[in-house]
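Below, each chain spelled out in residue letters.
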Amino acid sequence: MFAPLRESVIGRAVNGGKLNINVINIRDHAENKHFKCDDYPFGGGAGMVMMPQPIGSAIEAADPEHKAHRIYMSPRGRVFSQKIVTELAAKQDLLLLCGHYEGVDQRVIDMYIDEELSIGDYVLTGGELPAMVVCDCVARYVDGVISGESLKDESFSKGLLEYPQYTRPAVYKGVSVPEVLLSGNHAEVDKWRLEKSLEITKKNRPDLLK
Ligand code: 4G1
């Protein structure tokens, strides 16, 4: 499931030794004959719950001295944001637990987890994609993963959605790039970009303007 983290920007950073991503299969820590990791919920109801033993053993093996900030990816968590990315980027080690089925036994959350994070309000089959979202966002802040310039640019435009971007050719299928971008007038370009940012933000994310 975590193959995407071996590709592109994050993959290159991993291969270049800038950061380590250690993927652990809970099943490898199951102490029962068939490596079973799920069971029926006490109290009844639909679906299955992840058993505490394989998860507890996996966490104790991965982080025996509780050096990592331990996160359970869960729809019950506080909602992930760029603010939280910068918080997490300050930590030396993160451990991300992913649920499946109806989630994990509450006792492993109470015993092992520091906080719960959600990437948003929709139903998923598991916490793996959310964990990859957190990895991708936080990895960008690890030294040497991307240029410091790219990180600076985000705080610059903070609060507004981004303006439209264009590259060569100046005419594509008969459609020209906005004239101002070819003018060489940097003050006019900045003014146009701010106008576009405001227009797009007003239309799609009026909440950001309040
Ligand atoms: C009730 C969404 C259940 C889902 C209400 C964002 C979703 C982990 C996330 C669910 C998950 C809503 C997330 C739901 C997630 C156990 C395994 C929980 C998958 C699971 C709105 C299924 N951010 N969802 N339940 O999706 O793990 O982090």
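Reference entry: report on the structure contained in this document. Just so it is clear, the model here is predicted, and its values are computed rather than measured.

### Description of the nonpolar core
- Counting 23 residues, the largest nonpolar core has Leu-5, Leu-19, Phe-80, Leu-88 and Leu-117 as its most contacted members.
- Listed by contribution, the elements that provide at least two residues to this core are α1 (8-15), β3 (69-79), α3 (82-89) and α5 (128-139).
- Among the elements that take part in this core, α5 stands out by supplying seven residues, more than any other.
- For Leu-5, the contacting residues outside a window of four places in its chain are Ile-10, Gly-11, Val-14, Ile-21, Met-132 and Cys-135.
- One finds Ile-26, Ala-30, Met-50 and Leu-95 within the second-largest nonpolar core, a separate group that totals 16 residues.

### Looking at the site of the ligand
- Close contacts around the ligand come from 19 residues, with Ser-74, Ile-119, Tyr-122, Val-123 and Leu-124 the closest.
- Note that an oxygen atom of the ligand is positioned 3.3 Å from one of the backbone N or O atoms of Ser-74.
- The contact in question runs from a nitrogen atom of the ligand to an N or O atom on the backbone of Ile-119, over 3.0 Å.
- Burial of the ligand by the surrounding chains reaches 78%, relative to a free accessible area of 560 Å².

### Details of the side chain of Asp-63
- Mapping Asp-63 onto the fold places it in the loop between α2 (52-62) and β3.
- Here Asp-63 falls in the buried class, since its relative accessible area comes to 6%.
- Polar contacts involving the side chain of Asp-63 include one to the side chain of Arg-70, which spans 2.8 Å.
- Contacts of Asp-63, omitting those with residues within four sequence positions, involve Ala-68, Arg-70 and Leu-95.

### Describing the pairing of strand β4 (residues 94-98)
- Pairing analysis gives five bridges linking β3 to β4, with the strands arranged parallel. Bridged to His-69 within β4 is Leu-94.
- For the crossover from β3 across α3 to β4, the handedness is right-handed.

### With respect to the environment of Leu-95
- Along the chain, Leu-95 falls in strand β4.
- C-alpha of Leu-95 to C-alpha of Ala-68: the two residues are 27 residues apart in sequence and 5.9 Å apart in space.
- Setting aside its immediate chain neighbours within four residues, Leu-95 contacts Ile-59, Ala-62, Asp-63, Ala-68, His-69, Arg-70 and Ile-71.

Reading guide: rules and limits
- Residues numbered from 1 in each chain as written.
- Predicted model: local features only at pLDDT ≥ 70, side-chain atom pairs only at ≥ 80, totals over all residues.
- Heavy atoms only, no water.
- Core = buried A, V, L, I, M, F, W, Y, C linked by side-chain atoms within 4.5 Å.
- Buried < 20%, exposed > 50% of the residue type's maximum accessible area, 1.4 Å probe, protein only.
- Helix = DSSP H or I, 4+ residues; strand = E, 2+ residues; numbered from the N terminus.
- Contact = heavy atoms within 4.5 Å.
- Near = heavy atom within 4 Å.
- Polar contact = N/O pair within 3.5 Å; in protein donor to acceptor, adjacent residues only side chain to side chain.
- Areas by Shrake-Rupley, 256 points an atom, 1.4 Å probe, with all protein chains shown as cover.
- Pairing = 2+ DSSP bridges.
- Right-handed = clockwise from strand over helix to strand, strands pointing away.

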